[in-house]
Amino acid sequence: MANKKLHPSVEEFKAFVKENPNVLKEARSGKVTLQELYEDWYLLGPNDARWEGLLDGSTINSTKKEEETSSNRTVWMSNIVDTLKNMDQNQIQGYLANLNQALGTIQGVIFQFAPNSGSSGSSASTEQKPSGPFSFRQD
């Protein structure tokens with residue numbers, strides 16, 4: 001395979017990543033892709049605030065981010081608990097009953113349009129009707 005020359009900006013980004021291995025660690029962790037990091041670097045430049053937590057010597061910043069993430073999780077959980085406390089159970093039960101009724105109607109429509117496997121005998125077809133529109137069988 002022929003050795004292709006990369007665009008100069010890609011070469012500069014590769015040098016930036018080599019100088020700052022935390023950028024590559026972020027990509028490997030799955031938080032962002034290298035493409036997204038390259039686009040940020042290309043648009044914002046290497047001196048932007050985006051790179052503060054990723055440049056070398058930034059262990060203090062990473063611990064701050066971990067603490068912020070932890071506090072965000074507790075705030076998120078407390079919001080969920082508050083929302084659950086404020087729910088009207090009768091209203092939710094009504095919504096679920098309506099949803100159940102709608103799903104039953106949809107199943108009936110699907111069952112009406114499903115092809116009949118045994119059209120010669122009506123008694124045989126009533127015995128082998130599946131309970132729902134989807135017939136799941138085990139091997």
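What you are looking at is a predicted structure, and each value in this text was computed from that prediction instead of being measured.

**What about the packing of helix α1 (residues 8-19) against helix α2 (residues 21-29)?**
Geometrically, a packed helix pair is captured by the angle between its two axes and the distance between the axes.
Moving on, step 1. Contact pair α1 / α2: the axes reach a minimum separation of 4 Å and the direction vectors enclose 95 degrees. In terms of axis orientation, α1 runs roughly perpendicular to α2. On α2, the residues that touch F16, V17, K18 and E19 of α1 are P21, V23 and L24.
Moving on, step 2. Here the residues of the contact of α1 with α2 are counted per class, giving five nonpolar, no polar and two charged.

**A look at the side chain of E26**
Moving on, step 1. Relative to the helices and strands, E26 is located in helix α2.
Moving on, step 2. If sequence neighbours within four positions are ignored, E26 has contacts with K31, V32, R50 and L54.

**Side note on the nonpolar core**
Moving on, step 1. By size, the foremost hydrophobic cluster in this structure holds 11 residues: F13, F16, V17, V23, A27, V32, L37, Y38, W41, W51 and L54.
Moving on, step 2. Listing elements by their share of this core, those giving two or more residues are α1, α2 and α3 (34-44).
Moving on, step 3. Aside from chain neighbours lying at most four places away, what touches L37 is F13, V23, A27, V32, R50 and W51.

**Focus: α2**
Moving on, step 1. For α2, every residue scored as buried is listed here: V23, E26 and A27. Buried positions in α2, seen along its axis, are confined to an arc of 95 degrees and lie on one side of it. Summarising the geometry of α2, the exposed residues directed more than 90 degrees from the buried face are K25 and R28.
Moving on, step 2. Trailing α2 by a residue or two, G30 shows a phi angle of about 95 degrees, which is positive.

**As for the confidence of the model for the protein chain**
Moving on, step 1. Here the protein chain averages 77 in pLDDT, while 73% of its residues score no lower than 70.
Moving on, step 2. Within the protein chain, helix α6 (residues 122-127) has the poorest average pLDDT of any element, 50, and helix α5 (residues 89-113) the best, 92.
Moving on, step 3. Below pLDDT 50 for its whole length, residues 120-125 participates in one contact with residues either more than four positions away or in separate chains.

**As for the packing of aromatic side chains**
Moving on, step 1. With the rule as written, the count across this model stands at six aromatic pairs.
Moving on, step 2. An aromatic cluster of three or more residues is present, and its members are F13, F16, Y38, W41 and Y42.

**Observations concerning the packing of α1 against α3**
Moving on, step 1. It is at 11 Å that the axes of α1 and α3 come closest, and there the two elements cross at 105 degrees. Here α1 is positioned roughly perpendicular relative to α3, judged by the angle of their axes. Facing α1, whose interface residues are S9, V10, E12, F13 and F16, α3 presents L34, L37, Y38, W41 and Y42.
Moving on, step 2. Each residue belonging to the contact of α1 with α3 can be placed in one class, and the counts come to eight nonpolar, one polar and one charged.

Reading guide: rules and limits
Residues numbered from 1 in each chain as written. Predicted model: local features only at pLDDT ≥ 70, side-chain atom pairs only at ≥ 80, totals over all residues. Heavy atoms only, no water. Axes fitted to C-alpha atoms, helices over the stretch in contact; angles between N-to-C directions. Helix = DSSP H or I, 4+ residues; strand = E, 2+ residues; numbered from the N terminus. Parallel < 35°, antiparallel > 145°, perpendicular 65-115°, else oblique. Contact = heavy atoms within 4.5 Å. Nonpolar A, V, L, I, M, F, W, Y, C, P; charged D, E, K, R; others polar. Core = buried A, V, L, I, M, F, W, Y, C linked by side-chain atoms within 4.5 Å. Buried < 20%, exposed > 50% of the residue type's maximum accessible area, 1.4 Å probe, protein only. Arc of directions from axis to C-beta. pLDDT = per-residue confidence, 0-100. Phe/Tyr/Trp six-rings, centres within 6.5 Å; stacked < 30°, edge-to-face > 60°.

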